[in-house]
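# Descriptive structure summary
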Amino acid sequence: EQTLTDEETITTESGDLDCRFTKILAEPGELEIFASGANQFIWAYGDGELGFHGFDDRGALLLDLSTGEEAAIAAPTVSPQPTPVPTVRCGSGDPSFDFALPVDGL
């Protein structure tokens, strides 16, 4: 269930897209975001196409919401895992960037 509220997208004077929203800090079945203390966040951006973000277009940081203090950390790397069938193949033609998505009902 999507619980984000107050979604807003703003194009800045420099042409960047600024996406803003409100997120509930503690929800059942979700990782808790702490109002005080370090939280780990990951981010990525791309050109609008689903796929590999590149190595310079993603990252991670520790952020304390009570102080605004932040520190860059190494972005986690995930190894490909076996995907249950049935799947839909998605890819760029380069096998190192291909991935499979599970499909319900097939």
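The rules behind the values
- Residues numbered from 1 in each chain as written.
- Predicted model: local features only at pLDDT ≥ 70, side-chain atom pairs only at ≥ 80, totals over all residues.
- Heavy atoms only, no water.
- Helix = DSSP H or I, 4+ residues; strand = E, 2+ residues; numbered from the N terminus.
- Buried < 20%, exposed > 50% of the residue type's maximum accessible area, 1.4 Å probe, protein only.
- Contact = heavy atoms within 4.5 Å.
- Salt bridge = Lys/Arg side-chain N within 4 Å of Asp/Glu carboxyl O.
- 1 Å grid on protein atoms, 1.4 Å probe; cavity = no way out; pocket = protein on both sides within 12 Å on 5 of 7 lines; lining within 4 Å.
- Points joined across faces, edges and corners; volume = space filled by probe spheres on them.
- Nonpolar A, V, L, I, M, F, W, Y, C, P; charged D, E, K, R; others polar.
- pLDDT = per-residue confidence, 0-100.
- Pairing = 2+ DSSP bridges.
- Axes fitted to C-alpha atoms, helices over the stretch in contact; angles between N-to-C directions.

Along the backbone of the protein there are zero helices and seven strands. Going residue by residue from the N terminus, the α and β elements of the protein occur as β-β-β-β-β-β-β. Buried positions account for 9% of the 106 residues belonging to the protein. Counting only contacts in the protein whose residues sit at least 6 apart along the sequence, the fraction spanning at least 24 positions is 19%.

For the structure shown, the criterion picks out two salt bridges. Here Asp18 ties to Arg20 by a salt bridge, and the two come within 2.9 Å at their closest N and O atoms. On the accessibility criterion, Asp18 (23% relative accessible area) is partly exposed. Among the residues examined, Arg20 registers a relative accessible area of 42% and is labelled partly exposed. One salt bridge in this structure joins Lys23 and Glu27, with 2.3 Å as the shortest N-O distance.

A word on the layout of surface pockets. Taken as a whole, the second largest pocket holds about 460 Å³ of empty space. Forming the walls of the second largest pocket are 13 residues, and the residues nearest its centre are Leu31, Ile33, Gln40, Phe41 and Ile42. Residues that form the lining of the second largest pocket fall into these classes: eight nonpolar, two polar and three charged.

On average, residues of the protein score 74 in pLDDT, and 63% of them reach the 70 mark or higher. Confidence over residues 85–106 falls short of pLDDT 50; this stretch has 27 contacts with residues more than four positions distant or in other chains.

The next thing to look at is the environment of Thr9. Checked against the element boundaries, Thr9 lands in strand E1 (residues 5–11). On the basis of relative accessible area, Thr9 is assigned to the exposed category, the value being 52%. Spatially, the C-alpha atom of Thr9 lies 6.3 Å from that of Arg20, the residues being 11 residues apart in sequence. The contacts of Thr9, once residues within four sequence positions are left out, are Leu17, Asp18 and Cys19.

Our next topic: the pairing of strand E2 (residues 17–22). Sheet analysis places E1 next to E2, joined by five bridges and oriented antiparallel. Note that in E2 the partner of Thr9 across the bridge is Cys19. In this structure, the hairpin formed by E1 and E2 is closed by a connection of five residues, where Gly15 is found at a positive phi of approximately 95 degrees.

Moving on, we get to the sheet that holds strand E3 (residues 38–44). Strand order in the open sheet made by the three strands is E3-E4-E5, with antiparallel pairing throughout. At either end of the open sheet lies a strand with only one pairing partner, and these are E3 and strand E5 (70–73). Between one strand and the next, the sheet's axes are offset by a mean angle of 30 degrees, whatever the strand orientation. The pairing of strand E4 (residues 58–64) with E5 spans four bridges and is classified as antiparallel. Across the sheet, the residue bridging to Ala60 is Ile73, located in E5.

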